[in-house]
Amino acid sequence: MQTHILGFPSIGKQRELKQALESFWKGNLSAETLHETCTKLKKHHWQIQKDAGLDYVCSGDFSLYDRMLDMTCLLGAIPPRFTPCLGDSSLERYFNLARGNTKLNIAALEMTKWFDTNYHYLVPEISANEQWIDGEHPVVADTLLAKELGFSPKPSIIGPFTWLTLAKAQSGALKWSRLETIISIYTKLLIELSTACDCIQIEEPILCTQLLPENVKDKFREVYTALNTASNNKLMLTTYFGALVGRNLDLATSSNCAVLHIDMLRGCQQLDDVLNKLPDTMALSLGVVDGRNIWKTDYTKTTEFIKQAVSALGAQRVFIGSSCSLLHCPVDVSTETALPEYIKNRLSFAVQKCAELTTLRKIAEYGNDAALNENAAVLQAAAAHVESHIEAVRKRVAAITPAMTDRHSAYPERRASQRWLNLPLLPTTTIGSFPQTVEIRKTRLEYKQGIISQEDYVSAIKREIKDCIEKQEKLGLDVLVHGEFERNDMVEYFGQQLAGFCFTQNGWVQSYGSRCVKPPVIYGDVYRKHQMTIDWILYAQSLTQKPVKGMLTGPVTILCWSFVRDDLERSEVCKQIALAIRDEVQDLEKAGVHIIQIDEAALREGMPLTYAEAEIYLQWAVDAFRLASSGVADSTQIHTHMCYSEFNAILAWIAKMNADVISIESSRSAMELLDAFTEFHYQAEVGPGVYDIHSPRIPTVEEITGLLHKALKYIAKEQLWVNPDCGLKTRQWEEAYPSLENLVTAARLVRESLTKL
Ligand code: GLN
Ligand code: ZN
């Protein structure tokens, strides 16, 4: 039996990659030093895998920014707008694609969530006339380096069907017509890699979705048979994030690849079918260690699966690995020194997961009762802990009634009741956060470390709020926000105040590029211990006549962006959180806050990958939002914010959330989401983001007026709001302020043109 992981987090235990990248972008670090830092990290990660006793180390998993982008650069599919920077070095070109080019006013590639994870990839673009230039992929050099250093590398690349399905065809380009060109580049790459390794991981997570077009499926077998031959029979066709759906199981088992990898965490139900269909020439890799969560593997349960595969195939033909890349989990539990032992005991991060695989192999090969029993004891102790089951919380959840998920009146009546807010046509607002300067971060950190007193902390944050309100007044925005300076992160902030959550010190996970998040851990029953936001909002409101929005994070987003206990249904955990947020919403209203935004940034990304599972999820997710938001009077305006572009398909569900105003990301995809509004009559108000906050570029007045006029073709003027497409915390004031100036000017111009009509 052989062991492997599908990828190690690139970012580094101390987020070394983040620091290096950001210094490089600021011009404080040379390309050579950046390269050295990366090499050091790679070597370290390989060493960890080898020391853990794994048979392979992964290469090609390390990316400077994003692995989809790595593939795009190899294929050389560079959208025409980047033509002015084709002469740059490949490194500059790479970062231009990733982050846009401010000087040349070129927008970055669009970014979107990787399947149902909180990782964002850069979307390849295929237009009628993109430039295909000769590119390179870091996997080649990295594999050779690993080999030279005495490791046994297993290169990993994203497969052609996944890359092309996720690529976006522009101006009518037929993207699948590029398949042949692409396959020839893959073929060359595989021939090159096959000389340096015994196994090549080629990832087709798209097979776990229903996204692959039927006519394309017809080519799958032929393409993979040829690719496997090019690799000298070394391909591990790698699937993850779900079971192989429908016909895709047949595609995978008839692909003639040497190995098939399946996700046993999200698709264990497929094992019997896979074993039945697997041809004798194919080995099977079971992804048994969860790449997307932080809990120790249940050895007893897992060993059953392994035994089943071994008895069907023989140990020779079985691999065990992580379910997906460990990119989605933090690096090392051993650096956690502040967690209570009863929680730390249950945790397993990337480093520990590597070791778990070796232990599992030993258990399966020679039996190891001591390891099995110890593991079982840890899991039992966790289940029996007092915080795992709190009677009062369970009772309150059981007593939820349908009326609690409904506002008093339907939207048209609520609209009338909200007229007293006196907002102008095309009201302007922002999504919540404002630039988080170095000083603000320092203040929060010093408070956390006990260096400054609570009093000093509160007055420092109040100074920021005051400054932010003054700036918004000066800009002339209509609905203001307090700026979220007290929040390190929109989920962490709430988790810190809710029962049932705990926090790691270093549990960072890459979100996109150099950006990381440190998801909270939900280990027990959740309830609100005290008010969480009221004082800050009231302080902000005391400084202005304009309305200040109360800012909360919604239950689904808190759930999706946390590591969630695996001993209670996610939908149940979500109800517990929703009740806690509902309490806060009602307290805000009581305190006189009449516009309340409940962000559900993650609602779409939490959606399972198949239609049937997605329906079930959307039902309980939307209900949880409604439970959190419906306890207020008609005259209180509920906003929600969602940041993703692939939203059209679920607009009906978004309407069911029953918010009064939604703001959505859209600028990177040039407002194409607006199409949805022609097909679906949405009656409440909408703020499609008019500029992309992920890029430092300052949008012009003309650009924004253009987008607003375009939006007005789809959305009635009474329904349209004007706002950026997400919070501004990652931007500098030098970018945010002029951008918002242009936004307000554009709104005024369009407003004037509308009233003149
Ligand atoms: N209110 C949050 C902010 O502005 C929303 C962030 C998000 O959608 N990711 O930062
Ligand atoms: Zn957002």
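Structural notes, computed from the coordinates. (Residues numbered from 1 in each chain as written. Chains lettered and ligands numbered in written order. Predicted model: local features only at pLDDT ≥ 70, side-chain atom pairs only at ≥ 80, totals over all residues. Heavy atoms only, no water.)

Of all six residues in strand β22 (residues 637-642), six are buried; the element is thus mostly enclosed. Of the two faces of β22, both are covered, the one formed by Gln637, His639 and His641 as well as the one formed by Ile638, Thr640 and Met642. What joins strand β21 (residues 595-599) to β22 is helix α23 (residues 611-629), and the crossover it makes is right-handed. Of the pairings in the sheet, the one linking β22 to strand β23 (residues 661-664) comprises four bridges and is parallel in character. When the bridges of β23 are listed, His639 appears paired with Val661. (Buried < 20%, exposed > 50% of the residue type's maximum accessible area, 1.4 Å probe, protein only. Helix = DSSP H or I, 4+ residues; strand = E, 2+ residues; numbered from the N terminus. Right-handed = clockwise from strand over helix to strand, strands pointing away. Pairing = 2+ DSSP bridges.)

Once that is clear, we can look at the coordination of the zinc ion (ligand 2). Binding of the zinc ion (ligand 2) to the protein goes through His641 (NE2), Cys643 (SG) and Cys726 (SG), at separations of 2.0 to 2.5 Å. Its four donor atoms give the zinc ion (ligand 2) angles of 84 to 124° at the centre, a pattern that matches the irregular case. Every donor residue of the zinc ion (ligand 2) comes from the same chain, spaced as H-x1-C-x82-C. Taken together, the positions of His641 in strand β22 and Cys726 in the loop between α26 (701-712) and α27 (733-756) put the pair 85 residues apart, joining distant regions of the chain. Per residue, the accessibility class of His641 equals that of Cys726, and both read buried. (Donors = N, O, S within 2.8 Å, 3.2 Å for Na, K, Ca; no water. Tetrahedral: all angles 85-135°; square planar, octahedral: opposite > 155°, others 65-115°.)

Here we come to the site of ligand 1. Taken together, Ile431, Gly432, Ser433, Glu484, Met490, Asp599, Ala601, His641, Cys643, Cys726 and Gly727 form the complete shell of residues around ligand 1. Glu484 is positioned such that a nitrogen or oxygen atom in its side chain is 2.9 Å from a nitrogen atom of ligand 1. The contact in question runs from an oxygen atom of ligand 1 to an N or O atom on the side chain of His641, over 3.0 Å. Within the complex, the protein chains bury 91% of what would otherwise be the 300 Å² of accessible surface of ligand 1. Taken together, the residues that form the shell around ligand 1 break down as five nonpolar, four polar and two charged. (Near = heavy atom within 4 Å. Polar contact = N/O pair within 3.5 Å; in protein donor to acceptor, adjacent residues only side chain to side chain. Areas by Shrake-Rupley, 256 points an atom, 1.4 Å probe, with all protein chains shown as cover. Nonpolar A, V, L, I, M, F, W, Y, C, P; charged D, E, K, R; others polar.)

Next up on the list: the sheet that holds strand β13 (residues 283-289). Pairing within the open sheet is parallel, and its eight strands lie in the order β1-β14-β13-β12-β11-β10-β8-β2. Looking at strand neighbours, the two that pair on one side only are β1 (2-4) and β2 (57-59), the edges of this open sheet. Averaged over neighbouring strand pairs, the angle between their axes works out to 25° when direction is ignored. Across three bridges, the pairing between strand β11 (residues 235-238) and strand β12 (residues 259-263) is parallel. When the bridges of β12 are listed, Met236 appears paired with Val259. Strand contacts of helix α8 (residues 214-230): β10 (200-203) and β11, with the helix running at about 145° to β11, the strand carrying the most contacts. Contacting β1, β13 and β14 (318-322), helix α13 (residues 350-366) crosses the sheet at an angle of about 125° to β13. (Axes fitted to C-alpha atoms, helices over the stretch in contact; angles between N-to-C directions. Contact = heavy atoms within 4.5 Å.)

Next up on the list: the packing of α26 against α27. At a minimum axis distance of 8 Å, the contact between α26 and α27 shows a crossing angle of 45°. By the criterion of interaxial angle, the relationship of α26 to α27 is oblique. Every pair of crossing elements has a handedness; the one defined by α26 and α27 is right-handed. On α27, the residues that touch Val701, Ile704, Thr705, Leu708, His709 and Leu712 of α26 are Ser739, Asn742, Leu743, Thr745, Ala746, Ala747, Leu749, Val750, Ser753 and Leu754. (Parallel < 35°, antiparallel > 145°, perpendicular 65-115°, else oblique. Left-handed = near helix turned anticlockwise from the far one by under 90°.)

Below, the discussion takes up unusual backbone geometry. One non-glycine residue with positive phi stands out, namely Arg15, at about 55°. In this structure, Phe241 is a non-glycine residue whose phi angle is positive, near 80°. Within the element layout of this structure, Phe241 appears in the loop between β11 and α9 (248-253).

Turning our attention to the side chain of Thr238. By the secondary structure assignment, Thr238 is in strand β11. Dropping the residues within four chain positions of it, Thr238 is found in contact with Leu6, Gln201, Ile202, Glu203, Glu204, Pro205 and His261.

Strand order in the open sheet formed by three strands is β15-β18-β20, with mixed pairing between adjacent strands. For this open sheet the edge positions go to β15 (498-502) and β20 (563-564), each flanked by a neighbour on one side alone. Taken together, the two bridges between strand β18 (residues 521-528) and β20 define a ladder with parallel strand orientation. The residue of β20 that forms the bridge with Val521 is Phe563. On the sheet, helix α22 (residues 570-590) packs against β15, β18 and β20 and is oriented at approximately 40° with respect to β18.

Let us now look at the environment of Lys50. As for its placement among the helices and strands, Lys50 is situated in helix α2 (residues 31-51). Sequence spacing of Lys50 and His4 is 46 residues, and the spatial spacing of their C-alpha atoms is 9.8 Å. Look past the residues within four positions of Lys50 in its chain and what remains in contact with it is Val57, Gly150 and Phe151.

The description of an aromatic ring pair uses the distance of the two centres, along with the angle that the planes make with each other. By the definition in use, this model includes 21 aromatic pairs. Where Trp25 meets Tyr65, the ring centres are 6.0 Å apart and the plane angle is 50°; that geometry is what we call tilted. On the criterion of sequence distance, the pair formed by Trp25 in helix α1 (residues 16-26) and Tyr65 in the loop between β2 and α3 (67-75) is long-range, its members being 40 residues apart. Look at Tyr65 and you get buried, because its relative accessible area is 6%. When the centroid spacing of 5.6 Å and the interplanar angle of 75° are considered together, the rings of Tyr94 and Phe95 count as edge-to-face. (Phe/Tyr/Trp six-rings, centres within 6.5 Å; stacked < 30°, edge-to-face > 60°.)

Everything listed here is a matter of geometry and, on its own, says nothing about what the molecule does.
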